[in-house]
Amino acid sequence: MISVTPAQKSEKEGSENIINVNNLHKTFVTGFLPYGRVSRVLWKTWPRGAKVLSNRVEAVKGLSFSVRRGEIFGLLGPNGAGKTTTLKIMMGLIFQDKGEIQLFGHKPGSLQAKKRTGFLPENPYFYDYLRAEEFLSLVAALTGIPRRERKKRIHEMLKRVGLEEAVDRPLRKYSKGMLQRIGLAQALLCDPLLVVLDEPLSGLDPVGRKEIRDIIRGLKKEGKTVLFSSHILSDVEMLCDRVAIMSKGSLRHIGSLDELLKDDSGTMEMVLNGKKEVLDELLEKWEGSGERIGEKARFITESAEEKDRLLKKALEKGLSLESLAPRRSSLEEIFMSKTGTIDEKRSGESQSKKKDEKEE
Amino acid sequence: MRKISAIAVNTFREAIRNKILYALLFFAVALIMASIVVARLSLHEEIRVIEDLGLAATSLFSVLIAVFVGVNLVYKELERKTVFFIIPKPIYRWEFLWGKLIGTSLTLAVLVGFMALVFFGVLMIMGGAVRVVLLKAIWLYYVEVLVISTVALFFSSFSSPFLSGLFTILVFVVGRLTPDIEMFIPRMGDEWLKTFTQAVMYCIPDLNLFNVSGALVAGEWVSIHGEFVTWLYVGKATAYGLIYGGIVMFLAMVVFRRRDFV
């Protein structure tokens, strides 16, 4: 049992937002001038020369969002969207150029923020010459867990992440899934109020993913706040209360999953059952979209009138109604449209089409 | 302090589980043992040859080990991305650096101690004795490798192991040649070159302070075979080494404080 400090207690009762990100900017400079301040001055005063000496990559551009207490918040985005950069700034691993981040009202990288936060990096790699127990002992010492509590806490944690059997094995003999679990154990060992996980589900098999998902759900039940980045949409859909979708360093959308998936366009999905030839005839005559699925047919109607018209026709022809439901866009479709992937794909296709026409 | 010692113990554990270190240690021990063969070739000077060769081997391999361990200290953490889980823990960045340095000092103490034991063993087998001057000489070599490991740590806090290794060895060579270079400065024709060399020599540690056998100290010829330096000298040289190392560590801390871990 971990005692709650007065500061933690007041935090529990206090402000609603655990993380506040405000107008965050980060540009990476590579090449001969890797050092931020020097290169920033040069880019301002002599951009032509700076261009020759270095390259600039804008990883995060004016990002703002907040994470509320007790929620599971997903940071979504394709590779290169700026998710890991944002998380690294939060963890004090890199420094922002502009803007502000606050964790529990403190600056990232400050001891006050670090004490309350557990972090699992992307593709975690730990000291492979250590055994699980040695490794967690090191983590316990770094997080200030009293010596007399360490052994008990380590064993409880190893049990929680399902690594009791591998306790004596050096970490270099661990599989990817086991490393992810020991990574989660080191993040949770100090019983943090906020857990930040960078791609916690990537590279895991379905069983491993379910186990990690269950642990994340358990954290929410304990009242902890979880922020995680991912591009595995099904997991995000299963876990998150709210999501932020990022693309090319900017925020494209933020909101609850229900809001995001809610479709208010009136589009309905109707599944009809009946004789094969009657279904085929209706599909052929129907001007909207529809398809055969085995012995049934699925139709998409765009408006209430269209739906009524189709239903009337179907009943007249002796078909039976199997189901009628509002059509929800999948998270994948939303993700693709918000991140501009669909538009880019379409413009790419149209460009190649134009090129083909030109060649002809 | 507990956090620094946790990192130090882990650094020590990592070093002693590194096989390359054992290979270096093996060569050091082999060279010390080889002094028996070389000593037999000398006429009635066996002990003298064993003492000189033993000390030289201890010094050379301690420096090589200090460079090898030092340049990898920070770089390995970055390359293997272990820094991504260490830095977000409730520790200051400077605590991490000091933990690494103390761990390395501990490793070097064990290794230099081991080489010294082998050296003393060989010496005693050949009929020699472990004299206080030898202990003084070995202590000075240990302080020298501490200085070198801070230099290596400083370079490794912002550059690759190859460059860090190169710079550190350069500092070692120039540092050992300090009296020769200082003697040469007045003879330099160009004023700018003179000033530049003098400025460089202010930055480079005077490692000759730790390598006193067979050198002039305050106008007196000192050697482990004759009159050697006093404990006061050893104390002063140790203080110089610790102050120099402290300054270099401060610079490393400044570089490390605002470094982005990409």
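Up top is the structure.
Residues numbered from 1 in each chain as written. Chains lettered and ligands numbered in written order. Predicted model: local features only at pLDDT ≥ 70, side-chain atom pairs only at ≥ 80, totals over all residues. Heavy atoms only, no water.

## What to know about the overall build of chain A
Moving on, step 1. If you tally the helices and strands in chain A, you get 15 helices and 13 strands.
Moving on, step 2. In chain A, buried positions account for 47% of the 360 residues.
Moving on, step 3. Look at the contacts in chain A between residues 6 or more apart in sequence, and 71% of them connect residues 24 or more apart.
Moving on, step 4. For chain A, the exposed surface amounts to about 18800 Å²; the carbon and sulfur share of it is 50%. (Helix = DSSP H or I, 4+ residues; strand = E, 2+ residues; numbered from the N terminus. Buried < 20%, exposed > 50% of the residue type's maximum accessible area, 1.4 Å probe, protein only. Contact = heavy atoms within 4.5 Å. Areas by Shrake-Rupley, 256 points an atom, 1.4 Å probe, with all protein chains shown as cover.)

## Topic: the sheet that holds strand E12 (residues 296-301) of chain A
All names here are of chain A.
Moving on, step 1. Taken together, four strands build an open sheet; the order of strands is E11-E12-E10-E13 and the sheet is antiparallel. The sheet terminates laterally at strand E11 (289-293) and strand E13 (320-326), the two strands that pair on one side only. Strand-to-strand twist of the sheet, defined as the mean angle between neighbouring strand axes without regard to direction, takes the value 20 degrees.
Moving on, step 2. As judged from the five bridges shared by E11 and E12, these two strands associate in the antiparallel manner. Bridge assignment links glutamate 291 to a residue of E12, and that residue is arginine 298. (Pairing = 2+ DSSP bridges. Axes fitted to C-alpha atoms, helices over the stretch in contact; angles between N-to-C directions.)

## Some points on the nonpolar core
Moving on, step 1. Membership of the largest hydrophobic core comes to 165 residues, with the highest contact counts inside it found for Met90 and Ile182 of chain A.
Moving on, step 2. Ranked by the residues each element gives to this core, the list is headed by helix H6 (residues 132-156) of chain B, at 17 residues.
Moving on, step 3. Aside from chain neighbours lying at most four places away, what touches isoleucine 182 of chain A is Phe126, Ala132, Phe135, Leu136, Leu158, Leu163, Leu171 and Tyr174 of chain A.
Moving on, step 4. The next biggest cluster of nonpolar side chains, apart from the first, holds 12 residues, and it includes Ala297, Phe299, Ala314 and Leu319 of chain A. (Core = buried A, V, L, I, M, F, W, Y, C linked by side-chain atoms within 4.5 Å.)

## Points about a nonpolar patch on the surface
Residues and elements named next belong to chain B.
Moving on, step 1. Together, Ile243, Ile247, Phe250, Leu251 and Val254 make up a nonpolar patch on the protein surface, roughly 490 Å² of accessible area in all.
Moving on, step 2. Position of leucine 251 among the secondary structure elements: in helix H10 (residues 231-257).
Moving on, step 3. We classify leucine 251 as partly exposed; its relative accessible area is 41%. (Patch = residues over 30% accessible without salt bridge, like charges linked within 9 Å, V, L, I, M, F, W, Y side chains within 5 Å. Salt bridge = Lys/Arg side-chain N within 4 Å of Asp/Glu carboxyl O.)

## Concerning helix H2 (residues 19-41) of chain B
Moving on, step 1. In a regular helix each residue adds 1.5 Å, so 23 residues correspond to 33 Å; H2 of chain B covers 34 Å between its end C-alpha atoms and thus fits that length.
Moving on, step 2. Against helix H1 (2-16), helix H3 (46-79) and helix H5 (93-125) of chain B lie the buried residues of H2 of chain B. (Expected span 1.5 Å × (residues − 1).)

## Focus: a positive patch on the surface
Moving on, step 1. A cluster of basic residues, Arg169, Arg172 and Lys173 of chain A together with Lys19 of chain B, forms a positive patch at the surface.
Moving on, step 2. Among the secondary structure elements, arginine 169 of chain A is positioned in the loop between helix H7 (147-160) and helix H8 (176-188). (Lys, Arg positive; Asp, Glu negative; His and termini not counted. Charge placed at Lys NZ, Arg CZ, Asp CG, Glu CD.)

## Observations regarding the packing of aromatic side chains
Moving on, step 1. In total, this model carries 19 aromatic pairs over all chains according to the counting rule given.
Moving on, step 2. Summarising the aromatic geometry, the rings of phenylalanine 155 of chain B and phenylalanine 158 of chain B are spaced 6.3 Å apart at their centres and angled 70 degrees between planes, so their arrangement reads as edge-to-face.
Moving on, step 3. Taking relative accessible area as the criterion, phenylalanine 155 of chain B reaches 14% and is therefore assigned buried.
Moving on, step 4. The structure contains a cluster of three or more aromatic residues connected by ring pairs, namely Phe126, Tyr127, Tyr129 and Phe135 of chain A together with Phe85 of chain B. (Phe/Tyr/Trp six-rings, centres within 6.5 Å; stacked < 30°, edge-to-face > 60°.)

## Here's the deal with the sheet that holds strand E5 (residues 117-120) of chain A
Residue and element names in this part refer to chain A.
Moving on, step 1. One open sheet accounts for six strands, arranged E5-E6-E7-E3-E8-E9; its pairing is mixed. Lying at the two open borders of the sheet, with one neighbouring strand each, are E5 and strand E9 (250-256). On average, adjacent strands in this sheet sit at an angle of 15 degrees to one another, irrespective of strand direction.
Moving on, step 2. The pairing of strand E3 (residues 72-76) with strand E7 (residues 225-230) spans five bridges and is parallel. Each residue of the ladder has a partner; that of leucine 75, found in E7, is serine 229.
Moving on, step 3. Packed on one face of the sheet, helix H4 (residues 83-90) meets E3, strand E6 (194-198), E7 and strand E8 (242-247) and runs near 145 degrees to E7.

## A closer look at the pattern of salt bridges
Moving on, step 1. Inspection of the entire model under this criterion finds 33 salt bridges over all chains.
Moving on, step 2. Arginine 13 of chain B serves as the salt-bridge partner of glutamate 134 of chain A, at 3.7 Å between the closest nitrogen and oxygen. Taken together, the positions of glutamate 134 of chain A in helix H6 (residues 132-143) and arginine 13 of chain B in helix H1 put the pair across two chains.
Moving on, step 3. Taking relative accessible area as the criterion, glutamate 134 of chain A reaches 14% and is therefore assigned buried.
Moving on, step 4. One salt bridge connects lysine 100 of chain B with glutamate 77 of chain B, and the closest N-O pair in it is separated by 2.6 Å. Here lysine 100 of chain B is found in helix H5, whereas its partner glutamate 77 of chain B is found in helix H3, with 23 residues between them in sequence.

## Section: the side chain of aspartate 235 of chain A
All names here are of chain A.
Moving on, step 1. By the element assignment, aspartate 235 lies in helix H10 (residues 233-239).
Moving on, step 2. Relative accessible area serves as the criterion here: at 0%, aspartate 235 is assigned to the buried category.
Moving on, step 3. Setting aside anything within four residues of it in sequence, one finds aspartate 235 in contact with Leu201, Arg209 and Arg213.

## Comments concerning unusual backbone geometry
Residues and elements named next belong to chain A.
Moving on, step 1. Even without a glycine there, the phi angle at asparagine 123 is positive, about 40 degrees.
Moving on, step 2. The topology assignment puts asparagine 123 in the loop between E5 and H6.
Moving on, step 3. A positive phi angle is found at glutamate 199, which is not glycine, with a value near 50 degrees.
Moving on, step 4. By the element assignment, glutamate 199 lies in the loop between E6 and helix H9 (206-221).

## Remarks on the pairing of E8 of chain A
All names here are of chain A.
Moving on, step 1. The buried count for E8 comes to six of six residues, which makes it a mostly enclosed element.
Moving on, step 2. With four bridges connecting them, E3 and E8 associate as parallel partners. When the bridges of E8 are listed, leucine 75 appears paired with alanine 244.
Moving on, step 3. Taken together, the six bridges between E8 and E9 define a ladder with antiparallel strand orientation. Paired with alanine 244 across the bridge in E9 is isoleucine 254.
Moving on, step 4. With antiparallel pairing between neighbouring strands as the criterion, E8 and E9 make up a hairpin whose turn holds two residues, including lysine 248 at a positive phi of roughly 50 degrees.

On their own, these measurements won't tell you what the molecule is for.
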